[in-house]
Amino acid sequence: MDMRQGLPVSPGIAIGEVFLLEAEGVRIPEHFIAPEHALAEAERLGKALDEAAQELRKLAEQVRAKSGSKIGEIFVAHAGMLEDESFRKELVERVTQKYYTAEFAVARTMRHWRKVFQEDAFLAARVADLDDLERRLLRSLLGQKREELSTLQREVIVVAHDLSPSQIATVDTGHVKAFATDAGGPTSHTAIIASAMGLPAVVGLGTITNDVSGGDLLIVDGSQGLVIIEPDAETLERYQARRNESMETGRVLLRKFKDLPTETRDGRHVGLFANIESPKDISRALEYGAEGIGLYRTEFLFLGRKTPPTERDHLEAYVEAVRQLGDRPIIIRTLDLGADKFALDTPVVKEGNPFLGMRSLRYCLSHPDLLVVQLRAILKASALGNVKVMFPLVSSLEELQRAKRVLAEIQEDFSRNGLQYDPDMEVGAMIEVPSAAVCADSLARHCDFFSVGTNDLIQYSLAVDRANEHVAHLYRPEHPAVLRLIKMASDAARRASIPVGLCGEMASVLTYTALLVGLGINSLSVAPPQVLPEIKKAIRSLKF
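The structure reproduced in this document is the subject of the present report. Starting afresh in each chain, residues are numbered from 1 along the sequence in its written order. Local features in this predicted model are restricted to residues whose pLDDT is 70 or higher, and side-chain atom pairs enter the listing and the counts only when it is 80 or higher, whereas totals over whole chains, interfaces and linings include all residues. The side-chain quantities take in all heavy atoms of the structure and omit both hydrogens and water.

Secondary structure is summarised from DSSP: a helix means a run of H or I of at least four residues, a strand means a run of E of at least two, and numbering begins at the N terminus for each. Within the protein one finds 21 helices and 16 strands. Only protein chains enter the accessibility calculation, which uses a 1.4 Å probe; a residue whose area is less than 20% of its type maximum is buried, one above 50% is exposed, and one in between is partly exposed. A total of 544 residues make up the protein; the buried ones form 54% of that total. Every residue pair with non-hydrogen atoms within 4.5 Å of one another is taken to be in contact. A fraction of 67% describes how many contacts in the protein between residues 6 or more apart in sequence connect residues 24 or more apart.

At a minimum axis distance of 10 Å, the contact between helix α18 (residues 454–462) and helix α19 (residues 480–495) shows a crossing angle of 125 degrees. Accordingly, the angle class assigned to the pair α18 and α19 is oblique. Classified by chirality, the crossing of α19 by α18 is right-handed. Side by side, α18 and α19 meet where Thr454, Leu457, Ile458, Ser461 and Leu462 of the first sit next to Val482, Leu485 and Ile486 of the second. To obtain each axis, a line is fitted to C-alpha atoms, and for helices this fit is confined to the stretch in contact; angles are then taken between N-to-C directions over 0 to 180 degrees. In what follows, roughly perpendicular refers to angles from 65 to 115 degrees, roughly parallel to angles under 35, roughly antiparallel to angles over 145, and oblique to any angle outside these ranges. In this scheme the crossing of two helices becomes right-handed for a clockwise turn of the near helix relative to the far one and left-handed for an anticlockwise turn of less than a right angle.

The next point concerns the pattern of salt bridges. Any carboxyl oxygen of Asp or Glu that lies within 4 Å of a side-chain nitrogen of Lys or Arg is treated as forming a salt bridge with it. Per the stated rule, a full pass over the model turns up 33 salt bridges. The closest approach of N and O atoms between Arg251 and Glu248, which form a salt bridge, is 3.1 Å. Taken together, the residues Arg251 and Glu248, both in helix α9 (residues 233–257) and three residues apart, mark about one turn of the helix. Its relative accessible area of 39% is what places Arg251 among the partly exposed residues. Residue classification places Glu248 among the partly exposed positions, given a relative accessible area of 34%. Between Asp336 and Arg333 there is a salt bridge whose closest N-O contact spans 3.8 Å. The residues Asp336 and Arg333 share a single accessibility class, namely buried. A single salt-bridge network, built from bridges that share partners, covers Glu299, Arg333, Asp336, Arg359 and Asp456.

Ring pairs are drawn from Phe, Tyr and Trp, using the six-membered ring of Trp, whenever the two centres fall within 6.5 Å, and their geometry is named by plane angle: stacked under 30 degrees, edge-to-face over 60, tilted for the rest. Overall, the coordinates contain six aromatic pairs when judged by the stated rule. Measuring from ring centre to ring centre gives 5.5 Å for Phe32 and Tyr100, while their planes differ by 70 degrees; the resulting arrangement is edge-to-face. With Phe32 in the loop between β3 (13–20) and α1 (38–67) and Tyr100 in the loop between α3 (85–96) and α4 (102–118), the pair connects residues that are 68 residues apart, well separated along the chain. Overall, the relative accessible area of 10% leaves Tyr100 in the buried class.

The next point concerns the sheet that holds strand β6 (residues 201–203). Pairing between strands is defined by DSSP: at least two bridges between them are needed. An order of β1-β8-β7-β3-β4-β5-β6-β2 is seen for the eight strands of this open sheet, with the pairing classed as mixed. Edge positions in the sheet fall to β1 (2–5) and β2 (7–10), since each has one partner strand and no second. Strand after strand, the sheet turns through a mean of 30 degrees between neighbouring axes, direction not considered. Bridge count between β2 and β6: three bridges; the pairing is antiparallel. Within β6, the position partnered with Pro8 by the bridge is Val202. Strand contacts of α9: β3, β7 (217–221) and β8 (226–229), with the helix running at about 120 degrees to β3, the strand carrying the most contacts.

Another aspect to go through is the sheet that holds strand β12 (residues 387–391). Pairing in this closed barrel of eight strands is parallel, and the strands run β9-β10-β11-β12-β13-β14-β15-β16 around the ring. Averaged over all neighbouring strand pairs, the angle between strand axes comes to 30 degrees, with direction disregarded. Examined bridge by bridge, strand β10 (residues 293–297) and strand β11 (residues 330–333) share three bridges and lie parallel to one another. Counterpart to Tyr296 in the pairing with β11 is Ile332. Together, β13 (427–431), β14 (449–452) and β15 (500–502) form the strand contacts of α19, whose direction differs from that of β14 by roughly 170 degrees.

Written as structure tokens, this is what we have:
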């Protein structure tokens, strides 16, 4: 049994097999064989070793011809390791004496040698060579049995160095039970998507991808930020009991509070909404008592595609969302592309610091074709339900006015052509950079509502990269500067008689509920939806 401490980013407990994304989508389907099959399995392993060594020697010749002998020698060394008698003996003995499958023998042996290499300053630089050999052997052994994130056949825990938005877009939510990553912070993409899915997640684990093999049994404690590798029987039993108890507590809270109004003891209503990435998340949100959708992250329509979504693609998603919600409200955020979120065919200008560059609203204003397509779909959907739109990362009044002019031109075109839309559709701005909070009085005169996006607001206020595990301890929602900026936005909204919501991860943390209500926040939009009953219980215990 081995324990690893990371950063807790999505609560809950999950127990399951490792799906090691760093090994190119490898999950070892079987761990053991019957003793009578050991010789045949050892032969299969030997064949894979021979084939891989031959491939490497061929590759070495090709590389020598193109790039010189020095680089070619790298692949010769790799082949030499696969042909080394003692190395092969260690692998074969795991099959013939411990009755491991060939795949499991490779994973366990490479895991052992990775640890040996990491303990030596000179050898540590060669760990990547072992990783390459492991991937090559597993590809050969697994063949067509390899799985992708989108085509999983069994329930797994995804372990990766980090997860990009495009990888997240392919996740099979029916089979992924938790995430554990080397990198990442409290509001990294892994954290956000795990919360939205209601899946336990721990990030910032450092070397978890080197510490596990595909198929290992893992416990992920997303509340404590703990990952347990190959737990012993006592630990496994304890965590199974904790998981069952937590699920029962959640069911009791849901039954008791789901249908009660979300208001303080002195009658102040606080809206409780959910954050979603796609319409398929809505049913779970409603199941836990969400009053509507406070943030629809529409860039997930865009990610994982070779071409941008068409107006019809957008419209179909929004109409499906409206159909499920009935007359409940949905706030659709325009595309938050740029920085680290790009589709495959989006033209990308290399920037020294993309988080301070062409991202979000400023990116859409410089690519108006993307914005127009989306706003047309949103306007068409507004004729069918309670649809609102908000612009992200507004940093000045000028930006907001430019975005609203684009919307007004589309509305005029709809009116001329007799297209149906809601002429009173509410338009809001996200307060997620310090300049927007400081200038909130000016923005409020041109908005129907505010939504405070604390993930970016904290990042930009404290100069802390929210996805960087090395400075994650400096990412503090309760920092006085952050609280003052939230209060600025809240006070400006109150003076302008418009509502102000909060849709960042801070909204989902029970510790901050009373504080946010006290700061005058009118609604909270949370992920995962499982926390809704607990937050409602807290609000109903307060006096404003």
